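# Fold and geometry: a report
The primary structure of each chain is shown beneath.
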Amino acid sequence: MLRRCAALFALSCAAGAVHAATPAAAPVSPVPEPQVRTTVIEDDAVRVEELRVRGEVRQITVHTKGERGGTYHVVPADGARDMSPGPASGRGAAGQRVWTILRF
């Protein structure tokens, strides 16, 4: 009886050691990572960088080249705004250039 208990104890310890040695599976996130794509278009005068997240344009940056080169951003339009021209439209700054004056 004592031998049987010792053997059972040894087997349970060995099984615990094997179980502890196997790596745990990484937790699976229910939300997939967003698809992020950067497109760069460049010519002699400007370089345009476009950032898309899940297919929607998030940021457009224009780098001008030459002596008076500067960088500005174009505010992309989103689907929630009325893009028709006019004083009563909700267009806001969409499609407008935004210059960076000071950077901290």
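Quick note: structure is the one above.
Figured I'd write up the structure that's included with this text. Remember, predicted model here, so these are calculated numbers, not experimental data.

## A closer look at the sheet that holds strand S2 (residues 46–53)
The antiparallel open sheet is built from 5 strands, whose spatial order is S1-S2-S3-S4-S5. Looking at which strands have only one partner, the edges of the open sheet turn out to be strand S1 (36–42) and strand S5 (97–99). Along the sheet, successive strands turn relative to each other by an average axial angle of 25°, direction set aside. Where S2 and strand S3 (residues 56–64) come together, 8 bridges link them in antiparallel fashion. Residue pairing in the sheet places Val48 in a bridge with Val62 of S3.

## Concerning the environment of Asp78
Relative to the elements of secondary structure, Asp78 occurs in the loop between strand S4 (71–74) and S5. Looking at Asp78, the relative accessible area reads 31%, which means it is partly exposed. A C-alpha to C-alpha distance of 8.7 Å links Asp78 and Arg58, two positions 20 residues apart in sequence.

## Concerning the environment of Val48
Following the sequence through the fold, Val48 ends up in strand S2. Put simply, Val48 and Thr71 are 23 residues apart on the chain and 9.8 Å apart in space, counted from C-alpha to C-alpha. Dropping the residues within four chain positions of it, Val48 is found in contact with Thr39, Val40, Ile41, Ile60, Thr61 and Val62.

## Considerations on the pairing of S2
Where S1 meets S2, 7 bridges bridge the pair, whose relative direction is antiparallel. Residue pairing across strands places Arg37 opposite Arg52, the latter belonging to S2. Between S1 and S2, which pair antiparallel and follow one another directly, the connecting turn spans 3 residues. As consecutive antiparallel partners, S2 and S3 are separated by 2 residues, and within that stretch Arg54 has a phi angle of approximately 55°, a positive value.

About the criteria used
- Per-chain numbering applies: the sequence of each chain, read as written, is numbered from 1 onward.
- Reporting of local features is limited, given that this is a predicted model, to residues whose pLDDT is at least 70; pairs of side-chain atoms are given and counted only at 80 or more, and all residues count toward the totals for whole chains, interfaces and linings.
- Computation of side-chain values covers all heavy atoms of the structure but excludes hydrogens and water.
- Following DSSP output, two strands are said to pair if at least two bridges run between them.
- The way it works is that DSSP assigns letters per residue, a run of H or I at least four long becomes a helix, a run of E at least two long becomes a strand, and they are numbered from the N terminus.
- Axes, fitted as lines to C-alpha atoms, cover a helix only where it is in contact. Angles between the N-to-C directions of the axes lie from 0 to 180 degrees.
- Only protein chains enter the accessibility calculation, which uses a 1.4 Å probe; a residue whose area is less than 20% of its type maximum is buried, one above 50% is exposed, and one in between is partly exposed.
- The contact criterion used throughout is that any non-hydrogen atoms of two residues lie within 4.5 Å.

Just distances and angles here, no functional claims.
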